[in-house]
Amino acid sequence: MTLCDLSLAEARDGLRRRDFTSTDITTDCLDAIAALNPKLNAFVTVTAERALEQAAQADRRLAAGETAPLLGVPLAIKDLFCTEGVRTTAGSRILGPFVPPYESTVTANLLRDGAVFLGKTNMDEFAMGSSNMTSAYGPVVNPWTRHGDNAQLVPGGSSGGSSAAVAARLAPGATATDTGGSIRQPASFCGIAGIKPTYGRCSRWGIVAFASSLDQAGPMGRTVRDCAIMLASMAGHDPKDSTSADIPVPDFEAACGRGVKGLRIGVPREYRSDGMSPEIEAMWQHGLAWLREQGATLVDVSLPHTKYALATYYIVAPAEASSNLARYDGVRFGLRQDGSDLQELYENTRAAGFGAEVRRRVLIGTYVLSAGYYDAYYLRAQKLRALILRDFTEAFEKVDALVTPTAPTAAFAMGEKMDDPVTMYLNDVFTVPANMAGIPGLSVPAGLDSAGLPLGLQVLGKPFDEETVFAVGAAIERAAAFATLPSLRAGVAL
Amino acid sequence: MALDPATVRRIAKLARIRVTDEEVTRLQTELSGILGWIEQLNEVDVSGVAPLAGVSHQRLPMREDVVNDGGKADAILANAPARVDHFFTVPKVVE
Amino acid sequence: MSYMLEGRTGSWEIVVGLEVHAQVISKAKLFSGAATAFGAEPNSQVSFVDAAFPGMLPVINRECVAQAVRTGLGLAAEINLESRFDRKNYFYADLPAGYQISQYQMPVVGRGSIEIVLEDGSTRHIGVTRLHLEQDAGKSFHDRDPVLSYIDLNRSGVALMEIVSEPDIRSPEEAGAYLRKLRSILRYLGTCDGNMDEGSMRADVNVSVRKTGEPFRTRCEVKNVNSIRFVMHAIEAEARRQIDVWEEGGEVEQETRLYDPGRGITRSMRSKEHAHDYRYFPDPDLLPLVLDPAWVEELRSALPELPDAKRARFIREYAIPAYDAGVLTVDQAVADYFETIAKGRDARLASNWVTGNLFAAMNETGRSIENPPVSAAHLGQLLDLIADGTINGRIAKDVFEAMVETGDAPAAIVESRGLRQVTDTGAIDTAIAQVLAANADKVAEYKSGKDKLFGFFIGQAMKATGGKANPAAVNEALRRALS
């Protein structure tokens, strides 16, 4: 047993009780990272020295009797969050040696609350991917393996470094972001919890933008409660983000203990697609049964346009990305590849700096916005988005939350689903609708498939009702009693 | 909808991404595949639906007219791949 | 009567629409807290938002919105209570984000109109299509290095109002009058300083030509013309070029051109050759701009009196000619100056003094109305000295010269230089007697019917009194003496 085995809540409480110091737990995490990161590639940058300084400072504050929500708790930070003085790559070559001269609002909030940052986690380039295979810094290895099979599995994406780090117990919690499922799908693949809060709950300021109308930051943890604790620190109104919600942050941690008695849980019938694997279907039914046993009422609901969400997403997200990524032009920061004139410089820089998936999406986005195609693609997508939102709004008139599978499969092996882009995109079929509607979605580990890989269930809630989402997620978690550990983890000899 | 090579090149030009001949061929297939898959949206009747650009529940917040930023040319230029004094530089542009 | 250009195949009408970019007067930029002042050190007025660093987000400046609304109200235009910001995507060295935040589909201000007065006194209404808010780009310097362009982002993100006219303009004169009137309104409102030489007001000029009665032909856009005179020249140069193209059997191609004031021609703009496909879409970092009607009303009620209303009031209240009223109301400070001296005095005289002597003195001294060569109080006192007979009109001009030179009050100058008007009839009679005695031959001629000589005697008599005699008294005494 190392301190790495502690949940975030246990670590926080142990630090408060002075059972151990922040330096102790930070050192254990750094040691685990040193031991396992060469295998997992979960971290792009490890800031050991800085982490130990922050831990020492936290220890002084703890010794002085100070309290702060996360005082001394070590965390991993997805490399999409700009961190002042610490290189930030967004998983891309194009940012080159970029060192932000500013701290993102979310990470600044965590520092304000006393957190210690271990380093920056690997991710799909610009958060575009569902496998972490698009990172310019190499793929991340999922700490889980199938029974009797050594094939390296993907951790999911785009927050694959964060999910692998938390699952392998290199950190008790990690920040992540979710544009189409980038928190929930890797959480499901790695057997941990993760929540994408309501759009506007966390500030986007200082987070490298992928698709501005969809991007949301959120936490990953080994328990629902850990996510609740982290989100309370990450969230809050930020006047620097015009889309940030000016509403109070409730006590998410308390909501985890509310129970589900009397809640109406919607079961969207359209999620029961023809291709759904029987194992996923079975897990879903288990989850629903657990909730019914705890006093919830199950309600059949219809989200007729939800099946169009993924295709809609692949217009909206690339369109916004094509514009958001125009700033990577080799002029003010990051990579520059010279050319005989400015146009050549742009074209060379962006060809060399962006990986294949990013180039593909930028080109799709450019195309759907271009003259003559805007109405057929982008405008139509906006209308579909309105219909998708309307479906959810109507469903939430009848129910308090929805429960679905998080992903259509368990983690797959590296190299699988790489044949054509659309196959990879289908990973996000269950998670994307929440981004389109801006509603909160949580993935909670619910069990294992026959190969011994974790499967997650997704809880969707009303806008700004993360409390109910946490309550339902915690209820599933309690019933599932998910205790299996991945084969690669801190404290286990390689 | 299948993209022809000229369209792929035109988009790549607009996006300022250099593409080789082989890449054009590959992108033609990939992009056409994605766009073909997206065409499923045409089966939805969207007449009379107001487009939705975002899902924020806020009203556009406004800042007061106060100067509280700038005055940090060094930080602005610190990451520049090329500069002369306090200017960014690029290959000469002819207007 | 209308303006036409003669070609080989007959006369051509020109059709012009103007897109004016007016820099909004605000302390901070449209979406960031960096300063907007002109002429600062390179990149010293730049925030990470203006330089489009990763993760930076725009937050709109309320005052810039207010300025756009005020301008819309000043142009008698519709204010759109809901408008939207779009991204205009293109790559350029001084456009850090690769897009400009602008208002494409839903501008904050809709249709309005501007009344222009032409030299012949006729008036025309030029339609305003729209006004929208957008960001300015940075500045590229192409002349500091043989192989590099230098980029300064100080202007990047400064708020601009783009004010688009209908293609209602039919001559360079009308274009000039439109721009002067627009500038006057902007300055009255305090929404743009209108300084074209500092670039805070620039015009893109859309020009086409046609034969009378034809539909519009292809237009070209002459970009970034930075003085009213150049706009007028550019229109004629571009129209002549197009007429030549059409008359030689060619086809005018729609394109962006630049005006070269040195050579007096327009030329094609190479850097803009790349296909125009701006891929506008709503900026997902910003929400729709929804204005509170009460706020708009508040802004409306605080608007100053604008040039047209002031001009009408001057004609009505001060009974001055329309032309003078127009001249006096171009600039609010001039109008204020005029009103200061006209109140309770002979307004026509006041107008003459302002548009004549004062403007001449401003030209000579290079001083502005904000720092005038003679203060309004002093000029008022001078008019009082004329009115109460202390000095006559001719001496007043000398006193005014002395006031410009010394800055002294007119009464002091009159006293110290002994310029007080002579009204003593005895002295006048004596002077007249001397003049008549010295010119006995002319007196004889006068008496034999050469009436014109009366003026000669007046002049001689005034001269004899050193110009200080009351002209009316001299007139009367002379008539008496000659009868």
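For clarity, every value in this text was computed on a predicted model and none was experimentally measured.

Rules used in this analysis
- Residues numbered from 1 in each chain as written.
- Chains lettered and ligands numbered in written order.
- Predicted model: local features only at pLDDT ≥ 70, side-chain atom pairs only at ≥ 80, totals over all residues.
- Heavy atoms only, no water.
- Helix = DSSP H or I, 4+ residues; strand = E, 2+ residues; numbered from the N terminus.
- Rg over C-alpha atoms; globule rule 2.2 N^0.38 Å.
- Buried < 20%, exposed > 50% of the residue type's maximum accessible area, 1.4 Å probe, protein only.
- Contact = heavy atoms within 4.5 Å.
- Areas by Shrake-Rupley, 256 points an atom, 1.4 Å probe, with all protein chains shown as cover.
- Lys, Arg positive; Asp, Glu negative; His and termini not counted.
- Charge placed at Lys NZ, Arg CZ, Asp CG, Glu CD.
- Pairing = 2+ DSSP bridges.
- Core = buried A, V, L, I, M, F, W, Y, C linked by side-chain atoms within 4.5 Å.
- Buried area = accessible area lost by both parts, 1.4 Å probe.
- Salt bridge = Lys/Arg side-chain N within 4 Å of Asp/Glu carboxyl O.
- Axes fitted to C-alpha atoms, helices over the stretch in contact; angles between N-to-C directions.
- Left-handed = near helix turned anticlockwise from the far one by under 90°.
- Nonpolar A, V, L, I, M, F, W, Y, C, P; charged D, E, K, R; others polar.
- 1 Å grid on protein atoms, 1.4 Å probe; cavity = no way out; pocket = protein on both sides within 12 Å on 5 of 7 lines; lining within 4 Å.
- Points joined across faces, edges and corners; volume = space filled by probe spheres on them.
- Phe/Tyr/Trp six-rings, centres within 6.5 Å; stacked < 30°, edge-to-face > 60°.
- Lys NZ or Arg CZ within 6 Å of the ring centre and 35° of its normal.
- Polar contact = N/O pair within 3.5 Å; in protein donor to acceptor, adjacent residues only side chain to side chain.
- Expected span 1.5 Å × (residues − 1).
- Parallel < 35°, antiparallel > 145°, perpendicular 65-115°, else oblique.

### A few points about the overall build of chain A
Here's step 1: Secondary structure assignment for chain A yields 16 helices and 11 strands.
Here's step 2: For a compact globule of 494 residues, the expected C-alpha radius of gyration is about 23 Å, and chain A comes in at 21 Å, within 12% of that figure.
Here's step 3: Out of the 494 residues belonging to chain A, those deemed buried represent 68%.
Here's step 4: Sequence separation of 24 or more characterises 77% of the internal contacts of chain A that already satisfy a separation of 6 or more.
Here's step 5: Element-wise, carbon and sulfur atoms account for 51% of the exposed surface of chain A, whose accessible area totals about 14,000 Å².
Here's step 6: Counting 45 positive and 53 negative side-chain charges, chain A places the centres of these two groups 2 Å from one another.

### Points about the sheet that holds strand E6 (residues 99-102) of chain C
Residues and elements named next belong to chain C.
Here's step 1: Taken in spatial order, the three strands make up an open sheet running E6-E5-E16, and their pairing is antiparallel. This sheet does not close on itself; its edge strands, each paired only once, are E6 and strand E16 (281-282).
Here's step 2: Direction of pairing for strand E5 (residues 86-89) relative to E16: antiparallel, over a ladder of two bridges. Within E16, the position partnered with Arg87 by the bridge is Phe281.

### A look at the nonpolar core
All names here are of chain A.
Here's step 1: Grouped together as the largest cluster of nonpolar side chains are 218 residues, with contacts concentrated most on Phe126, Phe470 and Val472.
Here's step 2: When residues in this core are grouped by element, the largest group, 10 residues, is from helix H10 (residues 309-324).
Here's step 3: With residues up to four places along the chain from it excluded, the contact list for Val472 reads Val260, Leu263, Ile265, Leu291, Ala401, Val403 and Val459.

### So, the interface of chain C and chain A
Here's step 1: The interface is formed by 30 residues belonging to chain C together with 39 residues belonging to chain A.
Here's step 2: Taken together, both faces of the contact between chain C and chain A bury some 2,900 Å²; the carbon and sulfur share is 60%.
Here's step 3: Three residues stand out in chain C for area buried against chain A, namely Pro54, Leu57 and Phe91 of chain C, and they jointly supply 22% of the buried area on that side.
Here's step 4: At the junction of chain C with chain A, the criterion picks out one salt bridge.

### So, the packing of helix H7 (residues 332-342) of chain C against helix H9 (residues 376-387) of chain C
All names here are of chain C.
Here's step 1: One way to put it is that H7 packs onto H9 with a least axis distance of 8 Å and a crossing angle of 35°. You can see that H7 and H9 cross each other, and the crossing is right-handed. Here Tyr337, Thr340 and Ile341 of H7 lie close against H9, whose contacting residues are Ala376, Leu379, Gly380 and Leu383.
Here's step 2: Taken together, the residues that form the contact of H7 with H9 break down as five nonpolar, two polar and no charged.

### Quick word on the layout of surface pockets
Residues and elements named next belong to chain C.
Here's step 1: Each pocket or cavity is described by its volume, and for the second largest pocket that value is around 790 Å³.
Here's step 2: Around the second largest pocket, the lining comprises 22 residues; the ones closest to its centre are Val117, Arg180, Gly326, Val327 and Val330.
Here's step 3: Of all the secondary-structure elements, those providing two or more residues to the lining of the second largest pocket are strand E7 (112-117), helix H2 (172-189), helix H5 (307-318) and helix H6 (322-329).
Here's step 4: Among the elements that make up the lining of the second largest pocket, the one with the highest residue count is H2 (seven residues).

### Side note on the pattern of salt bridges
If the charged atoms of two oppositely charged side chains come close together, the side chains can form a pair.
All names here are of chain C.
Here's step 1: Evaluation of the coordinates by the stated rule reveals 59 salt bridges over all chains.
Here's step 2: In this structure, Lys223 and Glu221 form a salt bridge, with 3.4 Å as the shortest nitrogen-oxygen distance.
Here's step 3: For Lys223, a relative accessible area of 18% puts it in the buried group.
Here's step 4: Judged by relative accessible area, Glu221 falls into the buried class, the value being 15%.
Here's step 5: In the salt-bridge network here, residues are joined through shared partners; they are Glu305, Lys310, Arg313, Glu317, Glu339 and Lys343.

### Let's talk about the sheet that holds strand E2 (residues 83-84) of chain B
Here's step 1: Strand order in the open sheet formed by four strands is E2(B)-E3(B)-E10(C)-E9(C), with antiparallel pairing between adjacent strands. With partners counted over all chains shown, the strands left at the sheet margins are E2 of chain B together with strand E9 (139-141) of chain C, one partner each.
Here's step 2: When E9 of chain C meets strand E10 (residues 148-152) of chain C, the two strands line up antiparallel, connected through three bridges. Within the sheet, the bridge partner assigned to Lys139 of chain C lies in E10 of chain C and is Asp152 of chain C.

### What about empty space enclosed by the protein?
A probe matching the size of a water molecule, rolled over the atoms, marks out where space remains unfilled.
Residues and elements named next belong to chain C.
Here's step 1: Tallied over the entire structure, the rule returns five cavities of 30 Å³ or more.
Here's step 2: What the largest cavity holds in volume is close to 180 Å³.
Here's step 3: Around the largest cavity sit 18 residues that line it, and Val49, Ala97, Tyr99, Ile101 and Gln135 are the ones nearest its centre.
Here's step 4: Here the lining of the largest cavity is built from residues that sort into 11 nonpolar, three polar and four charged.

### Re the pairing of E10 of chain C
Here's step 1: Counting buried residues along E10 of chain C, four of its five residues qualify, which places the element largely inside the surrounding structure.
Here's step 2: As paired elements, strand E3 (residues 87-91) of chain B and E10 of chain C share four bridges and run antiparallel to each other. When the bridges of E10 of chain C are listed, Val90 of chain B appears paired with Ser149 of chain C.
Here's step 3: Two successive antiparallel strands, E9 of chain C and E10 of chain C, enclose a turn made up of six residues.

### Structural notes on the packing of aromatic side chains
Here's step 1: Enumeration over the complete set of coordinates arrives at 39 aromatic pairs over all chains.
Here's step 2: A ring pair is formed by Tyr446 of chain C and Phe454 of chain C, whose centres lie 6.3 Å apart and whose planes are at 35°; its orientation type is tilted.
Here's step 3: Classification of Phe454 of chain C as buried rests on a relative accessible area of 10%.
Here's step 4: One aromatic cluster is present, built from ring pairs that chain together Phe98, Tyr102, Phe126, Trp205, Tyr328, Phe333 and Phe354 of chain A together with Phe48 and Phe53 of chain C.
Here's step 5: Lying across the ring of Trp284 of chain A, Arg272 of chain A places its NZ or CZ 4.9 Å from the centre.
Here's step 6: The ring of Tyr99 of chain C has Arg87 of chain C sitting right over it, with the charged end atom 4.0 Å from the ring centre.

### Looking at the environment of Ile458 of chain C
All names here are of chain C.
Here's step 1: Inspection of the secondary structure puts Ile458 in helix H14 (residues 453-464).
Here's step 2: Sequence separation between Ile458 and Ile386 is 72 residues, and the spatial gap between their C-alpha atoms is 20 Å.
Here's step 3: Contact partners of Ile458, with chain neighbours within four places excluded, come to Val474, Asn475 and Leu478.

### Overview of the interface of chain B and chain A
Where interface size is given, it is often the accessible area lost as the parts come together that is meant.
Here's step 1: Of the residues lining the interface, 52 residues belong to chain B; the matching set on chain A comes to 66 residues.
Here's step 2: Carbon and sulfur atoms make up 69% of the area that chain B and chain A hide from each other, which totals about 5,100 Å².
Here's step 3: The tally of links between chain B and chain A comes to three salt bridges.
Here's step 4: With its nearest N and O atoms 3.0 Å apart, the salt bridge here joins Lys13 of chain B to Glu347 of chain A.
Here's step 5: Summed over the shared surface of chain B and chain A, the number is 15 residue pairs in polar contact (both at pLDDT 80 or more).

### Focus: the side chain of Asp145 of chain C
Here's step 1: With respect to the helices and strands, the residue Asp145 of chain C is situated in the loop between E9 and E10.
Here's step 2: For the buried Asp145 of chain C, which has no salt bridge, the nearest side chain bearing the opposite charge is Lys92 of chain B, at an N-O separation of 6.2 Å.
Here's step 3: Separated by 2.8 Å, the side chain of Asp145 of chain C and the backbone nitrogen of Val147 of chain C make a polar contact.
Here's step 4: A polar side-chain atom of Asp145 of chain C sits 3.0 Å from the main-chain amide nitrogen of Leu148 of chain C.
Here's step 5: In contact with Asp145 of chain C, other than residues within four places in its own chain, are Lys92 of chain B together with Tyr150 of chain C.

### Looking at helix H3 (residues 48-63) of chain A
Residues and elements named next belong to chain A.
Here's step 1: Over its 16 residues, H3 extends 22 Å from the first C-alpha to the last, a length consistent with the 22 Å expected when each residue adds 1.5 Å.
Here's step 2: At its buried positions, H3 is contacted by helix H1 (8-16), helix H2 (22-40), helix H4 (105-112) and strand E3 (116-121).
Here's step 3: A positive phi of about 85° marks Gly65, the residue just after H3.

### With respect to the packing of helix H12 (residues 425-438) of chain C against H14 of chain C
Each pair of packed helices can be described by the angle between their axes along with the distance between the axes.
Residues and elements named next belong to chain C.
Here's step 1: At a minimum axis distance of 9 Å, the contact between H12 and H14 shows a crossing angle of 125°. Taken as axis vectors, H12 and H14 run oblique relative to one another. Crossing of H12 over H14 shows right-handed handedness. Of the residues in H14, those in contact with Ala431, Ile432, Val435 and Leu436 of H12 are Phe457, Gln460, Ala461 and Ala464.
Here's step 2: For the contact of H12 with H14, the per-class residue count stands at seven nonpolar, one polar and no charged.

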